Amino acid sequence: DNVILRACSDNIRANASDTTADIDIANYCMNGTFNDAGSGYLNERLYRFVDKKQHDSKCRVKLHVLNDHDIQSCKYTPLGNARHYHEMNLARIRILGNIMTCDETVSG
C-alpha cells in the first residue's frame, strides 16, 4: 500500500547516492521486495528466462518452475515482522522431487 511504499522510498532515499533516480527507488520498492507484487514481478522475469532457455537449442539443461504461490498463500503479517513460512517446506521439497522424478522418467 502507499504507506509502505512511502516508508520504503524514504528509507532507500536516505541511504542512496544523490544520483539514484526516484524512479529507480520506486521500482525497487514496488518490484524488488518479497510481497505479492514483488514476487509476481520476479516470477514473470523467471518465466520469460525459462521460456527463452527451453527454446534455445544450445541449452542442455531442463528448467521447470514450481509455482510456490499456488501451494500456500502467505497472508501479510504486521509491518516489521519479517516472518517466514516454513510449515510447507517438506511438502515443497517432496513436490519438487516428484517433478524431477517424473521428468526423468518421461525423458529417460
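Worth saying up front: this structure is predicted, and the values here are computed from it rather than measured. (Residues numbered from 1 in each chain as written. Predicted model: local features only at pLDDT ≥ 70, side-chain atom pairs only at ≥ 80, totals over all residues. Heavy atoms only, no water.)

1. Observations regarding the overall build of the protein chain
Here is step 1 of the chain: Summing up its helical and strand segments, the protein chain has four helices and zero strands in all.
Here is step 2 of the chain: Counting helices and strands in the order they occur from the N terminus, the protein chain gives α-α-α-α.
Here is step 3 of the chain: Taking all 108 residues of the protein chain together, the buried fraction comes to 8%.
Here is step 4 of the chain: Sequence separation of at least 24 residues holds for 27% of the intrachain contacts in the protein chain that already meet a minimum separation of 6. (Helix = DSSP H or I, 4+ residues; strand = E, 2+ residues; numbered from the N terminus. Buried < 20%, exposed > 50% of the residue type's maximum accessible area, 1.4 Å probe, protein only. Contact = heavy atoms within 4.5 Å.)

2. Focus on the pattern of salt bridges
Here is step 1 of the chain: Taken as a whole and assessed by the stated rule, the structure comprises two salt bridges.
Here is step 2 of the chain: Residue D10 pairs with R6 through a salt bridge whose shortest N-O separation is 3.2 Å. In this pair, D10 and R6 are both assigned in helix α1 (residues 2-15), four residues apart and thus about one turn of the helix distant.
Here is step 3 of the chain: A residue is classified by how much of its surface remains accessible, and D10, at 42% relative accessible area, is partly exposed.
Here is step 4 of the chain: For R6, a relative accessible area of 53% puts it in the exposed group. (Salt bridge = Lys/Arg side-chain N within 4 Å of Asp/Glu carboxyl O.)

3. Thoughts on the side chain of S9
Here is step 1 of the chain: Tracing the chain through its elements places S9 in helix α1.
Here is step 2 of the chain: Its relative accessible area of 16% is what places S9 among the buried residues.

4. As for the packing of α1 against helix α2 (residues 22-31)
Two numbers describe a pair of packed helices, the interaxial angle and the distance between the axes.
Here is step 1 of the chain: The contact between α1 and α2 brings their axes to 9 Å, and the two run at 130 degrees. Between α1 and α2, the angle is such that the two are oblique. The chirality of how α1 crosses α2 is right-handed. Contacts from L5, C8, S9, I12 and R13 of α1 reach α2 at D22, I25, Y28, C29 and M30.
Here is step 2 of the chain: In the contact of α1 with α2, the residues fall into seven nonpolar, one polar and two charged. (Axes fitted to C-alpha atoms, helices over the stretch in contact; angles between N-to-C directions. Parallel < 35°, antiparallel > 145°, perpendicular 65-115°, else oblique. Left-handed = near helix turned anticlockwise from the far one by under 90°. Nonpolar A, V, L, I, M, F, W, Y, C, P; charged D, E, K, R; others polar.)

5. Focus on the confidence of the model for the protein chain
Here is step 1 of the chain: For the protein chain, per-residue confidence averages 75 on the pLDDT scale, and residues scoring 70 or more make up 66% of the total.
Here is step 2 of the chain: Per-element confidence in the protein chain ranges from a low mean pLDDT of 67 for helix α4 (residues 89-107) to a high of 90 for α2. (pLDDT = per-residue confidence, 0-100.)

6. Overview of the side chain of N31
Here is step 1 of the chain: Here N31 shows up in helix α2.
Here is step 2 of the chain: At a separation of 2.6 Å, a polar atom in the side chain of N31 contacts the side chain of N27.
Here is step 3 of the chain: Residues contacting N31, with those up to four places away along its chain left out, are A37, G38, Y41 and L42. (Polar contact = N/O pair within 3.5 Å; in protein donor to acceptor, adjacent residues only side chain to side chain.)

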